[in-house]
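Analysis of the macromolecular model
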Amino acid sequence: MTTKSPYYKPSGNFNITSLLIPLGIGIGVAAVLSIIYTYAIHYIPFVYLNFLITLGFGIALGFCVNLGVKIGKIRNKQAVIFISLVVGLIAVYLQWVYYFFVILKHNKIFFNPGTVYNLTAILAKTGSWSIKRYTPKGIVLYGVWFIELAMIAGGAIYFALTSFKSMIFCEDCQVWIDESEKVEYLEPLKNSDIKSDLEKGEFKELKNLKRVPVEEIEYTEIELKRCSKCQNLNVMTLKEVKIKINKDDKEEKKENEIVENLLIDGSNYSALLKLQD
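Okay, so let's go over this structure. (Residues numbered from 1 in each chain as written. Predicted model: local features only at pLDDT ≥ 70, side-chain atom pairs only at ≥ 80, totals over all residues. Heavy atoms only, no water.)

Moving on: the overall build of the chain. The secondary structure content of the chain amounts to eight helices and six strands. For the chain, the C-alpha atoms occupy an extent of roughly 70 × 50 × 35 Å along the three principal directions. Across the 277 residues that make up the chain, the buried fraction comes to 38%. Relative to all contacts within the chain whose residues are 6 or more apart in sequence, the contacts with residues 24 or more apart total 67%. Both charge centroids of the chain, one from 32 positive and one from 28 negative side chains, sit 10 Å from each other. (Helix = DSSP H or I, 4+ residues; strand = E, 2+ residues; numbered from the N terminus. Buried < 20%, exposed > 50% of the residue type's maximum accessible area, 1.4 Å probe, protein only. Contact = heavy atoms within 4.5 Å. Lys, Arg positive; Asp, Glu negative; His and termini not counted. Charge placed at Lys NZ, Arg CZ, Asp CG, Glu CD.)

In C-alpha coordinates, the structure reads:
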(Lines give C-alpha, C1' and ligand atoms only; values in the text may rest on other atoms or scores of the structure.)
Protein backbone atom coordinates (compact mmCIF):
# COMPACT_ATOMS: atom_id res chain seq x y z
CA MET A 1 0.00 0.00 0.00
CA THR A 2 1.45 3.36 -1.06
CA THR A 3 1.19 6.41 1.17
CA LYS A 4 0.07 9.65 -0.46
CA SER A 5 2.83 12.26 -0.46
CA PRO A 6 2.12 15.43 1.53
CA TYR A 7 3.90 17.40 -1.20
CA TYR A 8 2.69 18.65 -4.55
CA LYS A 9 3.79 16.38 -7.38
CA PRO A 10 3.22 17.03 -11.10
CA SER A 11 0.51 14.75 -12.45
CA GLY A 12 2.69 13.61 -15.35
CA ASN A 13 -0.07 14.47 -17.80
CA PHE A 14 0.55 15.98 -21.21
CA ASN A 15 -0.86 15.85 -24.71
CA ILE A 16 1.40 14.36 -27.38
CA THR A 17 0.64 17.25 -29.72
CA SER A 18 1.53 19.73 -26.97
CA LEU A 19 5.14 18.52 -27.20
CA LEU A 20 5.35 20.35 -30.51
CA ILE A 21 5.03 23.71 -28.74
CA PRO A 22 8.26 23.62 -26.66
CA LEU A 23 10.02 21.72 -29.46
CA GLY A 24 9.00 24.37 -32.00
CA ILE A 25 9.95 27.28 -29.75
CA GLY A 26 13.20 25.63 -28.67
CA ILE A 27 14.34 24.66 -32.15
CA GLY A 28 13.34 28.03 -33.59
CA VAL A 29 15.34 29.90 -30.97
CA ALA A 30 18.22 27.41 -31.34
CA ALA A 31 18.40 28.18 -35.06
CA VAL A 32 18.86 31.88 -34.32
CA LEU A 33 21.08 31.62 -31.23
CA SER A 34 23.34 29.08 -32.95
CA ILE A 35 24.30 31.72 -35.50
CA ILE A 36 25.07 34.29 -32.80
CA TYR A 37 26.92 31.68 -30.74
CA THR A 38 29.04 30.55 -33.69
CA TYR A 39 30.22 34.04 -34.55
CA ALA A 40 30.86 34.89 -30.89
CA ILE A 41 32.94 31.77 -30.26
CA HIS A 42 34.83 32.15 -33.56
CA TYR A 43 35.76 35.82 -33.20
CA ILE A 44 36.13 36.24 -29.41
CA PRO A 45 39.67 35.07 -28.51
CA PHE A 46 39.11 34.73 -24.77
CA VAL A 47 38.67 31.12 -23.59
CA TYR A 48 37.05 31.99 -20.27
CA LEU A 49 34.56 34.31 -21.94
CA ASN A 50 33.77 31.58 -24.47
CA PHE A 51 33.09 29.23 -21.56
CA LEU A 52 30.49 31.65 -20.18
CA ILE A 53 28.96 32.16 -23.63
CA THR A 54 28.58 28.38 -24.05
CA LEU A 55 26.95 28.06 -20.65
CA GLY A 56 24.66 31.00 -21.38
CA PHE A 57 23.67 29.39 -24.69
CA GLY A 58 22.47 26.26 -22.90
CA ILE A 59 20.61 28.24 -20.23
CA ALA A 60 18.87 30.36 -22.87
CA LEU A 61 17.67 27.21 -24.60
CA GLY A 62 16.37 25.87 -21.29
CA PHE A 63 14.48 29.11 -20.71
CA CYS A 64 12.77 28.81 -24.10
CA VAL A 65 11.92 25.14 -23.52
CA ASN A 66 10.41 26.08 -20.16
CA LEU A 67 8.29 28.74 -21.84
CA GLY A 68 6.99 26.16 -24.30
CA VAL A 69 6.34 23.66 -21.50
CA LYS A 70 4.19 26.27 -19.78
CA ILE A 71 2.24 27.15 -22.91
CA GLY A 72 1.74 23.46 -23.73
CA LYS A 73 0.72 22.66 -20.12
CA ILE A 74 3.18 19.77 -19.91
CA ARG A 75 3.36 18.33 -16.38
CA ASN A 76 5.75 15.47 -17.04
CA LYS A 77 9.38 15.57 -15.88
CA GLN A 78 10.59 12.97 -18.40
CA ALA A 79 8.95 14.90 -21.23
CA VAL A 80 10.76 18.08 -20.14
CA ILE A 81 14.10 16.22 -20.11
CA PHE A 82 13.42 14.71 -23.55
CA ILE A 83 12.44 18.05 -25.11
CA SER A 84 15.44 19.85 -23.59
CA LEU A 85 17.82 17.15 -24.80
CA VAL A 86 16.44 17.22 -28.36
CA VAL A 87 16.61 21.01 -28.51
CA GLY A 88 20.13 20.99 -27.07
CA LEU A 89 21.40 18.41 -29.56
CA ILE A 90 19.82 20.21 -32.52
CA ALA A 91 21.37 23.46 -31.32
CA VAL A 92 24.81 21.84 -31.21
CA TYR A 93 24.33 20.39 -34.70
CA LEU A 94 23.23 23.75 -36.13
CA GLN A 95 26.21 25.38 -34.45
CA TRP A 96 28.47 23.01 -36.40
CA VAL A 97 26.61 23.81 -39.63
CA TYR A 98 27.14 27.54 -39.14
CA TYR A 99 30.72 27.05 -37.96
CA PHE A 100 31.77 25.39 -41.20
CA PHE A 101 29.90 28.08 -43.11
CA VAL A 102 32.05 30.70 -41.33
CA ILE A 103 35.43 28.99 -41.68
CA LEU A 104 34.73 28.22 -45.36
CA LYS A 105 34.45 31.98 -45.92
CA HIS A 106 30.67 31.88 -46.36
CA ASN A 107 30.99 30.10 -49.71
CA LYS A 108 28.78 27.14 -48.95
CA ILE A 109 26.58 25.83 -46.14
CA PHE A 110 26.22 22.09 -45.45
CA PHE A 111 23.17 20.67 -43.68
CA ASN A 112 23.80 17.03 -44.61
CA PRO A 113 24.82 15.13 -41.42
CA GLY A 114 27.29 12.97 -43.35
CA THR A 115 29.08 15.99 -44.77
CA VAL A 116 29.16 17.72 -41.38
CA TYR A 117 30.61 14.56 -39.81
CA ASN A 118 33.34 14.30 -42.46
CA LEU A 119 34.30 17.95 -42.06
CA THR A 120 34.44 17.47 -38.29
CA ALA A 121 36.77 14.48 -38.71
CA ILE A 122 39.09 16.55 -40.92
CA LEU A 123 39.05 19.40 -38.42
CA ALA A 124 39.96 16.99 -35.61
CA LYS A 125 43.14 16.05 -37.46
CA THR A 126 44.27 19.60 -38.16
CA GLY A 127 42.91 21.39 -35.09
CA SER A 128 40.58 24.39 -35.10
CA TRP A 129 42.10 26.76 -32.52
CA SER A 130 45.16 27.25 -30.33
CA ILE A 131 46.00 28.33 -26.80
CA LYS A 132 49.35 30.07 -26.93
CA ARG A 133 51.38 27.55 -28.95
CA TYR A 134 49.29 24.48 -28.26
CA THR A 135 46.70 23.30 -30.80
CA PRO A 136 44.36 20.55 -29.50
CA LYS A 137 43.87 17.72 -32.00
CA GLY A 138 42.44 14.22 -32.15
CA ILE A 139 41.01 12.77 -28.95
CA VAL A 140 41.81 15.92 -26.97
CA LEU A 141 39.80 18.07 -29.36
CA TYR A 142 36.97 15.52 -29.40
CA GLY A 143 36.98 15.76 -25.61
CA VAL A 144 36.65 19.55 -25.75
CA TRP A 145 33.78 19.24 -28.22
CA PHE A 146 32.05 16.73 -25.96
CA ILE A 147 32.34 19.12 -23.02
CA GLU A 148 30.85 21.86 -25.20
CA LEU A 149 27.95 19.57 -26.15
CA ALA A 150 27.40 18.62 -22.49
CA MET A 151 27.37 22.28 -21.44
CA ILE A 152 24.82 23.27 -24.07
CA ALA A 153 22.48 20.28 -23.82
CA GLY A 154 23.10 19.87 -20.09
CA GLY A 155 22.53 23.58 -19.47
CA ALA A 156 19.22 23.40 -21.31
CA ILE A 157 18.09 20.36 -19.30
CA TYR A 158 19.25 21.80 -15.99
CA PHE A 159 17.53 25.17 -16.41
CA ALA A 160 14.30 23.69 -17.77
CA LEU A 161 14.13 21.12 -14.95
CA THR A 162 15.00 23.64 -12.24
CA SER A 163 12.21 25.92 -13.45
CA PHE A 164 9.80 23.00 -13.84
CA LYS A 165 10.44 21.97 -10.24
CA SER A 166 8.98 25.23 -8.93
CA MET A 167 5.94 25.22 -11.23
CA ILE A 168 2.53 24.36 -9.74
CA PHE A 169 -0.42 23.29 -11.91
CA CYS A 170 -4.05 23.03 -10.84
CA GLU A 171 -5.50 19.98 -12.59
CA ASP A 172 -9.10 20.97 -11.77
CA CYS A 173 -8.81 24.41 -13.36
CA GLN A 174 -6.13 23.50 -15.93
CA VAL A 175 -3.99 26.53 -15.07
CA TRP A 176 -0.47 27.22 -13.76
CA ILE A 177 -0.22 29.02 -10.45
CA ASP A 178 2.09 31.94 -11.19
CA GLU A 179 1.53 34.27 -8.27
CA SER A 180 2.74 33.74 -4.73
CA GLU A 181 2.57 35.47 -1.36
CA LYS A 182 5.63 35.83 0.87
CA VAL A 183 5.48 36.10 4.64
CA GLU A 184 8.92 37.29 5.70
CA TYR A 185 10.74 38.23 8.90
CA LEU A 186 9.20 35.73 11.26
CA GLU A 187 11.12 34.64 14.34
CA PRO A 188 13.57 31.72 13.91
CA LEU A 189 12.21 28.19 14.29
CA LYS A 190 12.94 26.44 17.57
CA ASN A 191 11.59 22.97 16.80
CA SER A 192 14.08 20.72 14.98
CA ASP A 193 11.22 18.36 14.08
CA ILE A 194 9.17 21.07 12.40
CA LYS A 195 9.40 19.33 9.00
CA SER A 196 7.95 16.11 10.36
CA ASP A 197 5.19 18.02 12.18
CA LEU A 198 4.20 19.94 9.07
CA GLU A 199 4.10 16.77 6.98
CA LYS A 200 1.63 15.41 9.55
CA GLY A 201 -0.52 18.53 9.22
CA GLU A 202 0.52 20.07 12.55
CA PHE A 203 0.85 23.83 12.03
CA LYS A 204 0.44 25.16 15.58
CA GLU A 205 4.07 26.25 16.05
CA LEU A 206 4.25 27.86 12.63
CA LYS A 207 1.02 29.81 13.14
CA ASN A 208 2.32 31.14 16.47
CA LEU A 209 5.50 32.67 15.04
CA LYS A 210 5.94 36.38 15.75
CA ARG A 211 7.27 39.07 13.45
CA VAL A 212 10.83 40.28 13.95
CA PRO A 213 12.42 43.58 12.81
CA VAL A 214 13.68 43.68 9.23
CA GLU A 215 17.17 44.32 10.60
CA GLU A 216 17.33 40.79 12.00
CA ILE A 217 20.03 38.60 10.47
CA GLU A 218 18.18 35.34 11.10
CA TYR A 219 14.51 34.77 10.39
CA THR A 220 11.88 32.43 8.94
CA GLU A 221 10.27 32.92 5.54
CA ILE A 222 7.07 31.37 4.19
CA GLU A 223 6.03 31.35 0.54
CA LEU A 224 2.39 30.54 -0.24
CA LYS A 225 0.80 29.65 -3.56
CA ARG A 226 -2.89 29.15 -4.27
CA CYS A 227 -5.06 28.53 -7.31
CA SER A 228 -6.97 31.80 -7.61
CA LYS A 229 -9.82 30.12 -9.50
CA CYS A 230 -10.87 27.23 -7.24
CA GLN A 231 -8.76 28.04 -4.15
CA ASN A 232 -8.61 24.31 -3.47
CA LEU A 233 -4.94 23.84 -4.34
CA ASN A 234 -2.68 25.47 -1.75
CA VAL A 235 1.05 24.88 -1.28
CA MET A 236 3.68 26.21 1.09
CA THR A 237 7.47 26.50 1.03
CA LEU A 238 9.28 27.15 4.31
CA LYS A 239 12.81 28.53 4.60
CA GLU A 240 15.29 29.50 7.27
CA VAL A 241 17.16 32.64 6.24
CA LYS A 242 20.48 33.89 7.59
CA ILE A 243 22.18 37.12 6.63
CA LYS A 244 25.96 37.32 6.90
CA ILE A 245 28.40 40.14 6.22
CA ASN A 246 31.31 39.01 4.07
CA LYS A 247 34.86 40.35 4.09
CA ASP A 248 33.85 43.08 1.61
CA ASP A 249 31.16 44.30 4.03
CA LYS A 250 28.40 43.09 1.73
CA GLU A 251 25.37 41.08 2.81
CA GLU A 252 25.17 37.42 1.84
CA LYS A 253 21.81 35.69 2.10
CA LYS A 254 21.86 31.98 2.91
CA GLU A 255 18.62 30.02 2.67
CA ASN A 256 17.87 26.59 4.12
CA GLU A 257 14.75 25.07 2.61
CA ILE A 258 12.83 23.01 5.15
CA VAL A 259 9.81 22.06 3.04
CA GLU A 260 9.03 22.86 -0.58
CA ASN A 261 5.57 22.85 -2.12
CA LEU A 262 3.91 21.19 0.87
CA LEU A 263 0.18 20.74 0.29
CA ILE A 264 -1.91 22.60 2.87
CA ASP A 265 -5.62 23.24 3.34
CA GLY A 266 -7.39 26.55 2.91
CA SER A 267 -7.67 27.33 6.63
CA ASN A 268 -3.91 26.92 7.18
CA TYR A 269 -3.23 29.01 4.08
CA SER A 270 -5.35 31.86 5.47
CA ALA A 271 -3.85 31.57 8.97
CA LEU A 272 -0.27 31.68 7.65
CA LEU A 273 -1.06 34.59 5.34
CA LYS A 274 -2.28 36.61 8.33
CA LEU A 275 1.17 36.36 9.91
CA GLN A 276 2.34 39.14 7.60
CA ASP A 277 -0.05 41.64 9.23
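So that's the structure; there's more coming.
Further remarks concern the side chain of arginine 226. With respect to the helices and strands, arginine 226 occurs in strand E4 (residues 218-226). Within polar-contact distance, the side chain of arginine 226 engages the side chain of asparagine 234 at 2.7 Å. Leaving out residues up to four positions away in the same chain, arginine 226 has contacts with Ile177, Gln231, Leu233, Asn234, Gly266, Tyr269 and Ser270. (Polar contact = N/O pair within 3.5 Å; in protein donor to acceptor, adjacent residues only side chain to side chain.)

Moving on to the packing of helix H3 (residues 77-103) against helix H4 (residues 113-126). In the contact formed by H3 and H4, the axes pass within 11 Å of each other and the chain directions differ by 65°. Seen from above, H3 lies across H4 with left-handed handedness. In this structure, H3 uses Tyr93, Trp96, Val97, Tyr99, Phe100 and Ile103 to contact H4, whose residues at the interface are Pro113, Val116, Leu119, Thr120 and Leu123. When the residues that make up the contact of H3 with H4 are grouped by side-chain class, the tally is 10 nonpolar, one polar and no charged. (Axes fitted to C-alpha atoms, helices over the stretch in contact; angles between N-to-C directions. Left-handed = near helix turned anticlockwise from the far one by under 90°. Nonpolar A, V, L, I, M, F, W, Y, C, P; charged D, E, K, R; others polar.)

Attention now goes to the layout of surface pockets. Over the atoms, a rolling probe the size of a water molecule traces out where space has been left empty. The space that makes up the largest pocket amounts to roughly 740 Å³. Taken together, 26 residues make up the lining of the largest pocket; nearest its centre are Ile41, Val47, Asn50, Trp129 and Val144. Those elements that place two or more of their residues in the lining of the largest pocket are helix H1 (20-43), helix H2 (47-71), H3 and helix H5 (138-165). The element best represented in the lining of the largest pocket is H5, accounting for six residues. Split by residue class, the lining of the largest pocket holds 19 nonpolar, six polar and one charged. Taken as a whole, the second largest pocket spans an internal volume of roughly 370 Å³. Lining the second largest pocket we find 15 residues, and of these Tyr8, Lys9, Pro10, Lys77 and Lys165 sit closest to its centre. Among the elements of the structure, H3, H5 and strand E6 (251-264) are those that each provide at least two residues to the lining of the second largest pocket. Per-element accounting of the lining of the second largest pocket gives the leading share, four residues, to H5. Classifying every residue of the lining of the second largest pocket by side-chain character gives five nonpolar, five polar and five charged. (1 Å grid on protein atoms, 1.4 Å probe; cavity = no way out; pocket = protein on both sides within 12 Å on 5 of 7 lines; lining within 4 Å. Points joined across faces, edges and corners; volume = space filled by probe spheres on them.)

A few words on the packing of aromatic side chains. Applying the stated rule across the entire model yields 10 aromatic pairs. Taking 4.7 Å as the distance between ring centres and 25° as the angle between the ring planes, the aromatic pair formed by tyrosine 37 and phenylalanine 57 counts as stacked. Placement of tyrosine 37 in helix H1 and of phenylalanine 57 in helix H2 is noted, with a sequence separation of 20 residues between them. Judged by its relative accessible area of 3%, tyrosine 37 falls in the buried class. (Phe/Tyr/Trp six-rings, centres within 6.5 Å; stacked < 30°, edge-to-face > 60°.)

By the element assignment, serine 84 lies in helix H3. Judged by relative accessible area, which is 0%, serine 84 ranks as buried. Sequence separation of serine 84 and leucine 161 is 77 residues, and the distance between their C-alpha atoms is 8.8 Å. Leave out the neighbours within four places in its chain, and serine 84 touches Val65, Ala156, Ile157 and Ala160.

If you look at soluble globular proteins, the nonpolar side chains tend to sit buried side by side. Ranked by internal contacts, the top residues of the largest apolar core, which has 41 residues, are Leu61, Val69, Ile83, Trp96, Phe100, Ile152 and Leu233. Those elements giving two or more residues to this core turn out to be H1, H2, H3, H4, H5, strand E1 (168-170) and strand E2 (175-177). Counting residues per element, this core draws most heavily on H3, at 12 residues. Ignoring any residue separated from it by four or fewer positions in sequence, one finds leucine 233 in contact with Ile168, Phe169, Cys170, Ile177, Lys225, Arg226, Cys227 and Leu263. Counting residues in hydrophobic clusters, the runner-up holds 20 residues, among them Leu224, Leu262, Ile264 and Leu272. (Core = buried A, V, L, I, M, F, W, Y, C linked by side-chain atoms within 4.5 Å.)

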